[in-house]
Amino acid sequence: MPEMLEVEVYRRAAHAALGRRIIDISAPDAWFLKGGITAAAVGDALIGREFVADRRRGKLLLLDTSDDGPTLGLRFGMTGILELDGVDAIEALQYSTHRRNPEWERFVVHFDGGGALRLRDPRRLGGVELDPDEDRLGPDAGTVGVAELRSILAGSTSPLKARLMDQAKLAGLGNLLTDETLWRAGLDPARQSRSLDSDEVALLHGEMKRTLKDLGKRGGSHLGDLQQARQRGGICPRDGAALDRRTIGGRTTYSCPVHQI
DNA sequence: ATTGTGGCCTGCCCGC
DNA sequence: TGCGGGCAGGCCACAA
């Protein structure tokens, strides 16, 4: 599903849409418009302008518009795919499909010259917003410093995994990236966040960065070393132990009882 | 404030 | 072969 790595791919794709004049908007699904906006309001805000910058914070894609226009915020939920000029920005998406049922098209920006930016989302878990409140998100996991990570974890009784996935504290990690990071770091996802000592936070920080770099290079959150074992009856690829399957932070969690402590 | 839980959305897969 | 239940998880509302 789109976690920060996939949204980063979407951002780079959307870069090719900068500087094109927006001539029309299609927003057939009112549910998909968040923050009380209407299709007409989005049209009024965007038509005649152009996108001038592409940004990402966590899993939120941000497109700034010209003439001090609003920022368009795009969320992809679990199954959202971005498509520019008829080409999907990503090749493979775990839990989603590349079929193109017309009714899955939730939001379209039409450009002068015939191109279009389309958001396709079968399960409707994503959304579109104008001027989303970016400060509701914590620092991006790709750029967070080790001291900042330490303060995010300090004092919290939440399970480590839940804290890392709390987008208000740290933006970008979803279920798969978090399981992979903690598996690599050898840390039990159920441990209280505040129980990590300074060395463990530094280790976690390093493994998180390495995981983002590796999986970014491989092309997706679902391409981790743990992923193929991330199923019922899965065996730890590192030491052969039967993986634990638990619900932590409300999410299905796989971890190794032997080396994640 | 913090933390946990349930619901929303819908396609897919498994077992009968 | 068709059908129904369970599952996937990002995000939000809500409760304690």
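All values reported here derive from a predicted model rather than from experimental measurement.

Caption draft 1: Molecular detail of the protein's contact with DNA strand B. Surrounding DNA strand B, one finds R99, W104, P122, R123, R124, L125, S156, T157, S158, P159 and R163. Sugar and phosphate atoms form 81% of the subset of DNA strand B atoms that lie within 4 Å of the protein. Here S156 contributes a side-chain N or O atom positioned 3.0 Å from a phosphate oxygen of DNA strand B. Here T157 contributes a backbone N or O atom positioned 3.0 Å from a phosphate oxygen of DNA strand B.

Caption draft 2: Region of the structure containing the nonpolar core. One finds L72, L74 and F107 to be the most contacted residues of the largest nonpolar core, which totals 30 residues. Setting aside residues up to four positions removed in sequence, L72 forms contacts with L46, F51, L61, L62, L63, F107, V128, E129 and L130. Of all hydrophobic cores here, the second largest spans 21 residues; its members include L153, L170, L177 and V201.

Caption draft 3: Up close: the side chain of E207. Within the fold, E207 resides in helix α6 (residues 198–218). What E207 contacts, discounting residues up to four positions off in sequence, is T181, R184 and A185.

Caption draft 4: Region of interest: the packing of aromatic side chains. Tallying each qualifying case throughout the model produces 2 aromatic pairs. Here F51 and F111 contribute two aromatic rings whose centre-to-centre distance is 6.1 Å and whose plane-to-plane angle is 75°, an arrangement assigned as edge-to-face. Taken together, the positions of F51 in strand β2 (residues 51–57) and F111 in strand β7 (residues 105–111) put the pair 60 residues apart, joining distant regions of the chain. The ring of W31 has K34 sitting right over it, with the charged end atom 4.1 Å from the ring centre.

Caption draft 5: Examining the pattern of salt bridges more closely. A full pass over the atoms with the stated rule returns 25 salt bridges. Measuring nitrogen to oxygen at the nearest pair gives 2.8 Å for the salt bridge that ties R56 to E8. Of this pair, R56 sits in strand β2 while E8 is found in helix α1 (residues 4–14), placing the two residues 48 residues apart along the sequence. In this structure, R56 and E8 share a single accessibility class: buried. Because the salt bridges share partners, they merge into one network encompassing E8, R11, R12, D54, R56 and D140.

Caption draft 6: Structural context of the pairing of strand β10 (residues 244–248). Here β10 runs beside strand β11 (residues 251–255); their pairing, made up of 5 bridges, is antiparallel. From the neighbouring strand, D244 faces β11, where its bridge partner is S255.

Caption draft 7: Molecular detail of the protein's contact with DNA strand C. As a structural note, the neighbourhood of DNA strand C is formed by 17 residues, with R123, L125, N175, R245 and R251 the closest of them. Among all atoms of DNA strand C positioned within 4 Å of the protein, those belonging to sugar or phosphate total 61%. A distance of 3.5 Å separates a sugar or linking oxygen of DNA strand C from a polar side-chain atom of K59. N175 is positioned such that a nitrogen or oxygen atom in its side chain is 2.9 Å from a phosphate oxygen of DNA strand C.

Caption draft 8: Expanded view of the packing of helix α5 (residues 175–185) against α6. Closest axis-to-axis distance for the α5/α6 pair is 9 Å, and the angle between their directions is 125°. Taken together, the axis directions place α5 and α6 in an arrangement best described as oblique. Here α5 runs over α6; the crossing is right-handed. Touching L177, E180, T181, L182, R184 and A185 of α5 are L203, L204, E207, M208, R210, T211, L212, D214, L215 and R218, all from α6. Per-class residue counts for the contact of α5 with α6 are 8 nonpolar, 2 polar and 6 charged.

Caption draft 9: Here's a closer look at the environment of D64. The residue D64 is located in strand β3 (residues 60–65) in this model. Placed 55 residues apart in sequence, D64 and L119 show a C-alpha to C-alpha distance of 17 Å. Those residues in contact with D64, other than ones at most four positions away along the chain, are E50, F51, V52, A53, R55, P70 and T71.

Caption draft 10: A look at the domain arrangement of chain A. What the domain assignment reports for chain A is domain 1 (4–135) and domain 2 (138–255). Centre-to-centre separation of domain 1 and domain 2, based on C-alpha positions: 28 Å. Each side of the interface is counted separately: domain 1 has 10 residues, and domain 2 has 20 residues. Summing both sides of the interface, domain 1 and domain 2 together bury roughly 1100 Å²; the carbon and sulfur share of this comes to 54%. Applying the counting criterion to the domain 1 and domain 2 interface returns 1 salt bridge. Between R56 and D140 there is a salt bridge, and its shortest N-O distance comes to 2.7 Å. Of all the secondary-structure elements, those providing two or more residues to the side of domain 1 that touches domain 2 are α1 and β2.

Scoring rules and cut-offs
- Residues numbered from 1 in each chain as written.
- Chains lettered and ligands numbered in written order.
- Predicted model: local features only at pLDDT ≥ 70, side-chain atom pairs only at ≥ 80, totals over all residues.
- Heavy atoms only, no water.
- Near = heavy atom within 4 Å.
- Polar contact = N/O pair within 3.5 Å; in protein donor to acceptor, adjacent residues only side chain to side chain.
- Core = buried A, V, L, I, M, F, W, Y, C linked by side-chain atoms within 4.5 Å.
- Buried < 20%, exposed > 50% of the residue type's maximum accessible area, 1.4 Å probe, protein only.
- Contact = heavy atoms within 4.5 Å.
- Helix = DSSP H or I, 4+ residues; strand = E, 2+ residues; numbered from the N terminus.
- Phe/Tyr/Trp six-rings, centres within 6.5 Å; stacked < 30°, edge-to-face > 60°.
- Lys NZ or Arg CZ within 6 Å of the ring centre and 35° of its normal.
- Salt bridge = Lys/Arg side-chain N within 4 Å of Asp/Glu carboxyl O.
- Pairing = 2+ DSSP bridges.
- Axes fitted to C-alpha atoms, helices over the stretch in contact; angles between N-to-C directions.
- Parallel < 35°, antiparallel > 145°, perpendicular 65-115°, else oblique.
- Left-handed = near helix turned anticlockwise from the far one by under 90°.
- Nonpolar A, V, L, I, M, F, W, Y, C, P; charged D, E, K, R; others polar.
- Domains from an automatic or database assignment.
- Buried area = accessible area lost by both parts, 1.4 Å probe.

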